[in-house]
Amino acid sequence: MKLNNKGITLVEVIVSFALLMIILVGLFNIIMEVKSDVTDKQMEKEFKDFDNLMIARIQGDLIKNKVKNCETKDSKSVSCDNDNGKITIKIDNGMITYNGVEYAIPYKDNEGDILQYPDTNGVVIKDNILKISFIYSYVDGTKKFGFTIVHPLTNIE
């Protein structure tokens, strides 16, 4: 008796399809993990770029313009005299207002609270030293970002 070997059976098609689906699900999970890691790295880069920008702007102006006499109205804002007029800094829940321009942390509370801001953020003047702290972290506390600027004040009248 001769067998007809011209095609494949339904069982072979189903088994092949099932194996293909298992492989595709595994690949999909790997791709999603890599995408998540890339997104986290991109967020961290943007946080660090934001911190570096603020440090460069604020500390650069403090040094370049020879800041003198600073006054704090509360622990979240400061106004300083310098060679070119006044510098004002206000820190408020993920926002820095520097000379009237608002700078927000990237991804700041856009779709839920992913960041937290400790109460220690703010401005302190003690012993003729200006200290500006702006620290934030993921809500789960896994990674911290931010900066602290410490600058001596000159009281040249």
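Sequence order as written defines residue numbering, which begins from 1 separately in each chain. Totals for whole chains, interfaces and linings use all residues, but because this is a predicted model, local features are given only for residues with pLDDT of at least 70 and pairs of side-chain atoms are given and counted only at 80 or more. Based on all heavy atoms of the structure, the side-chain values leave hydrogens and waters out of the count.

(A) Representation of helix α1 (residues 10-64) in the model. Taking 1.5 Å of rise per residue, 55 residues should cover 81 Å, and α1 covers 79 Å from first to last C-alpha, within 8% of that figure. Buried, partly exposed and exposed residues are distinguished by accessible area as a fraction of the type maximum, computed with a 1.4 Å probe on protein chains only: under 20%, between the cut-offs, and over 50%, respectively. Numbering of helices and strands starts at the N terminus; helices are DSSP runs of H or I of at least 4 residues and strands are runs of E of at least 2. By the burial criterion, the buried members of α1 are M43, E44, F47, F50, D51, M54, I58, D61 and L62. Residues of α1 that are buried make contact with β3 (85-92), β4 (95-98), β5 (101-104), β6 (115-116), β8 (129-138) and β9 (144-152). With its phi angle positive at about 50°, K66 sits one or two positions after the end of α1. Take the residue count of a helix, subtract one, and multiply by 1.5 Å to get its expected span. Only heavy atoms enter the contact rule, under which two residues are in contact if any of them lie within 4.5 Å.

(B) Examining the pairing of β4 more closely. The two faces of β4 differ: I96 and Y98 on one face are buried, but M95 and T97 on the other face are not. As consecutive antiparallel partners, β3 and β4 are separated by two residues, and within that stretch N93 has a phi angle of approximately 45°, a positive value. Two strands qualify as a pair provided that DSSP identifies no fewer than 2 bridges between them. Pairing between β4 and β5: four bridges, direction antiparallel. Its bridge partner lying in β5, M95 is registered against A104. The loop that links β4 with its antiparallel partner β5 comprises two residues; one of these, N99, has a positive phi angle of about 50°.

(C) Region of interest: the pattern of salt bridges. Here a salt bridge means any side-chain nitrogen of Lys or Arg lying within 4 Å of a carboxyl oxygen belonging to Asp or Glu. Counting across every chain of the model gives three salt bridges. For the salt bridge of K45 with D49, the shortest nitrogen-to-oxygen distance reads 2.7 Å. One end of the pair is K45 and the other is D49, both in helix α1 and four residues apart, which spans about a single turn. Accessibility expressed as a relative area gives 39% for D49, which makes it partly exposed.

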